[in-house]
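Inside the fold
Each chain, written out:
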Amino acid sequence: MMSERPLKVALLGCGVVGSEVARLMTTTGADLAARIGSPVELSGIAVRRPARARNLPVDPELFTTDARELAARPDNDVVIEVIGGIEPARSLILSAMEAGASVVTANKALLAERGAELHAAADKFGVDLYYEAAVAGAIPLLRPLRESIVGDKVERVLGIVNGTTNFILDRMDSTGAGFDEALEEATELGYAEADPTADVEGFDAAAKAAILASLAFHTKVTAADVYREGITRVTASDVASAREMGSVVKLLAICEVDKERESVTARVHPAMIPRSHPLAGVREAYNAVFVESEAAGQLMFYGPGAGGTPTASAVLGDLVAVCRNRVNGGRAPGVSAYADLRVSPMGEARTRYHISLDVDDKAGVLAQVAQIFAQQDVSIQTVRQEGRGDDARLVVSTHAASDAALSGTVEKLRAMPTVRAVASVMRVEGD
């Protein structure tokens, strides 16, 4: 039976995502009402510049510059926050919850830094907090972790969670372009912001990794706990070397459990993966994430990871879920941190390396290099000699070892008199 009272929804922010949310709420209102069991209506839209032309099918009177007043209205049923950043988003969300409204947000940075505080507030005030759009755009990923496989034990989450960096690396691989050239193309096409730092230095992916690890392992993980390395140092030579080995370079978010140490690691860094791996075929600005669990095995989630319409789709999905709870008098399942596992540093993570060394073309160099690896307790998987004279090079691939041991090996190699340069160092993932 359809409820007669409309559910009131306040929208904080009307940029690329917010404008699409407003448009979809208006143009698909009848469908949303049928799915929810009650009509929904916008109670207001908080913006910084109300006079700006937005070409949206909404009443201009809904726009306001007073986000605090809008968020705290006692008649709001749901507040959607798509402003981004930590403040004022945090304060607005807490104010909305205190006034009794459930919250839908796409704010990955806030969730990665202050997620525990927001969840505690949602519990205190008896409201819902949904944020599917915060990670991987339109891809339904967080709710499966939070609800669908919550009865299973997740062991590893591995994936591409930033469309901008994936586009850049894909272009470097497919065209031979350098980083700067590929970034320029990404900017021209609208995939990269005017200031791309958050994407290319891995901050965006690290925030998403913190959210994924927290949900997957029932442990509080913040962005500060995530090892972060961007793609600005990846060269055309690195990508070409990977291609020669039948591999491709991707910026990966990797979250995993170490059962022996009873700890979790969360890291974001470029890595080589074989072209036979499903992630190698993720092109352009798409995202894909593998979830490996004890009972279900390996699950793959794939789709557009950014953009106004895909992200708005995830926001609308959360809105329907929250509104259904309002109509039926229920609440979403809470997010637990009962496992409370230790978050271990990157040095403890077991990784593999691919290392290219420019070396002197003389007898005994290979033995000296092998000795350095042995002293650091790092096992060599393969070694290949290339070139002669000034072009002499050793290409070494290792077995898995602690990242600290591998990093120490690289430092000692750089200090060797017979090693002219460490030309390339790349972590390796996949079989």
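All of the points below concern the structure found in this document. It should be emphasised that the depicted structure is a prediction, and the values quoted were computed from it without experimental measurement.

**Overview of the overall build of the chain**
- Helix and strand counts for the chain come out as 14 helices and 18 strands.
- Taking all 431 residues of the chain together, 53% fall into the buried category.
- Across the chain, contacts joining residues at least 24 apart in sequence account for 73% of those joining residues at least 6 apart.
- Working note: accessible area of the chain is about 18,800 Å², and carbon and sulfur atoms make up 48% of it.
- Counting 44 positive and 58 negative side-chain charges, the chain places the averaged centre of each group 1 Å from the other.

**What about unusual backbone geometry?**
- With an omega of 10 degrees, the peptide bond between E87 and P88 qualifies as cis.
- Looking at the secondary structure, you find P88 in the loop between β4 (78–81) and α4 (89–98).
- Phi angles above zero are rare outside glycine, and H218 is one such case at about 50 degrees.
- When you line up the elements, H218 lands in the loop between α10 (203–217) and β8 (227–228).
- On the accessibility criterion, H218 (13% relative accessible area) is buried.

**Some points on a nonpolar patch on the surface**
- Together, Y286, M300 and Y302 make up an exposed nonpolar region whose accessible area comes to about 300 Å².
- Its location among the elements puts Y286 in strand β11 (residues 286–293).
- Overall, Y286 belongs to the partly exposed group, its relative accessible area being 35%.

**Description of α4**
- Burial analysis of α4 places seven of its ten residues in the buried class, which makes it a mostly covered element.
- Among the residues of α4, A89, R90, L92, I93, L94, A96 and M97 are the ones counted as buried.
- Among the structural elements, β1 (7–12), α3 (67–71), β4, β5 (102–105), α5 (108–125) and β6 (129–130) are those in contact with the buried residues of α4.
- Note on α4: the residue one or two positions beyond its end, G100, has a positive phi of about 100 degrees.

**Remarks on the pattern of salt bridges**
- Summed over the entire model, instances satisfying the criterion amount to 35 salt bridges.
- Between R267 and E256 there is a salt bridge, with the nearest N and O atoms lying 2.7 Å from each other. Here R267, found in strand β10 (residues 263–274), pairs with E256, found in strand β9 (residues 247–258); they are eleven residues apart in sequence, far enough to count as distant.
- R267 gets classed as buried once you look at its relative accessible area, which sits at 1%.
- Using a relative accessible area of 17% as the deciding quantity, one classes E256 as buried.
- What emerges from the salt-bridge pattern is a single network uniting D170, R171, E185, R283 and E284.

**Observations regarding the environment of G151**
- Following the sequence through the fold, G151 ends up in the loop between α6 (142–148) and β7 (154–160).
- Under the relative-accessibility criterion, G151 is labelled exposed at 80%.
- Each C-alpha atom, one on G151 and one on A207, is 25 Å from the other, the two residues being 56 residues apart in sequence.

**A closer look at the layout of surface pockets**
- Of the volumes computed, that of the second largest pocket is approximately 530 Å³.
- When its residues are assigned to classes, the lining of the second largest pocket shows five nonpolar, eight polar and twelve charged.

**Here we look at the nonpolar core**
- Counting 75 residues, the largest nonpolar core has L141 and I168 as the members making the most contacts within it.
- Filtering out sequence-adjacent residues up to four positions away, I168 remains in contact with F179, A182, L183, A186, V200 and I231.
- Formed by 36 residues, the second largest nonpolar core is a distinct cluster that contains F63, A106, Y130 and A312.

**Details of the pairing of β1**
- Across the six residues that make up β1, a large majority, five, are buried.
- Bridge analysis of β1 against strand β2 (residues 40–46) gives six bridges, and the strand direction is parallel. Residue pairing in the sheet places L11 in a bridge with I45 of β2.
- Both β1 and β4 contribute to a ladder of four bridges, which runs parallel. Looking at β4, one finds that A10 is bridged to V79.

**Describing empty space enclosed by the protein**
- Here the structure, examined in full by the defined rule, presents two cavities of 30 Å³ or more.
- In this structure, the largest cavity spans a volume of roughly 90 Å³.
- In terms of lining, the largest cavity is formed by H119, A122, D123, V127, D128, L129, R146, R331, A332, P333, G334 and V335.
- The element contributing the most residues to the lining of the largest cavity is α5, with three residues.
- Classifying every residue of the lining of the largest cavity by side-chain character gives six nonpolar, two polar and four charged.
- Considered as a void within the structure, the second largest cavity measures approximately 40 Å³ in volume.
- Tallying contributions element by element places α6 first for the lining of the second largest cavity, with three residues.

**With respect to the packing of α4 against α5**
- Contact geometry of α4 with α5 gives a least axis separation of 10 Å together with a crossing angle of 10 degrees. Put simply, α4 runs roughly parallel to α5. In terms of crossing hand, the pair formed by α4 and α5 is right-handed. Of α5, the residues touching α4 (which contributes A89, R90, I93, L94, M97 and E98) are L110, R114, E117, L118, A121, A122 and F125.
- Partitioned by chemical class, the residues of the contact of α4 with α5 number nine nonpolar, no polar and four charged.

The rules we used
Residues numbered from 1 in each chain as written. Predicted model: local features only at pLDDT ≥ 70, side-chain atom pairs only at ≥ 80, totals over all residues. Heavy atoms only, no water. Helix = DSSP H or I, 4+ residues; strand = E, 2+ residues; numbered from the N terminus. Buried < 20%, exposed > 50% of the residue type's maximum accessible area, 1.4 Å probe, protein only. Contact = heavy atoms within 4.5 Å. Areas by Shrake-Rupley, 256 points an atom, 1.4 Å probe, with all protein chains shown as cover. Lys, Arg positive; Asp, Glu negative; His and termini not counted. Charge placed at Lys NZ, Arg CZ, Asp CG, Glu CD. Patch = residues over 30% accessible without salt bridge, like charges linked within 9 Å, V, L, I, M, F, W, Y side chains within 5 Å. Salt bridge = Lys/Arg side-chain N within 4 Å of Asp/Glu carboxyl O. 1 Å grid on protein atoms, 1.4 Å probe; cavity = no way out; pocket = protein on both sides within 12 Å on 5 of 7 lines; lining within 4 Å. Points joined across faces, edges and corners; volume = space filled by probe spheres on them. Nonpolar A, V, L, I, M, F, W, Y, C, P; charged D, E, K, R; others polar. Core = buried A, V, L, I, M, F, W, Y, C linked by side-chain atoms within 4.5 Å. Pairing = 2+ DSSP bridges. Axes fitted to C-alpha atoms, helices over the stretch in contact; angles between N-to-C directions. Parallel < 35°, antiparallel > 145°, perpendicular 65-115°, else oblique. Left-handed = near helix turned anticlockwise from the far one by under 90°.

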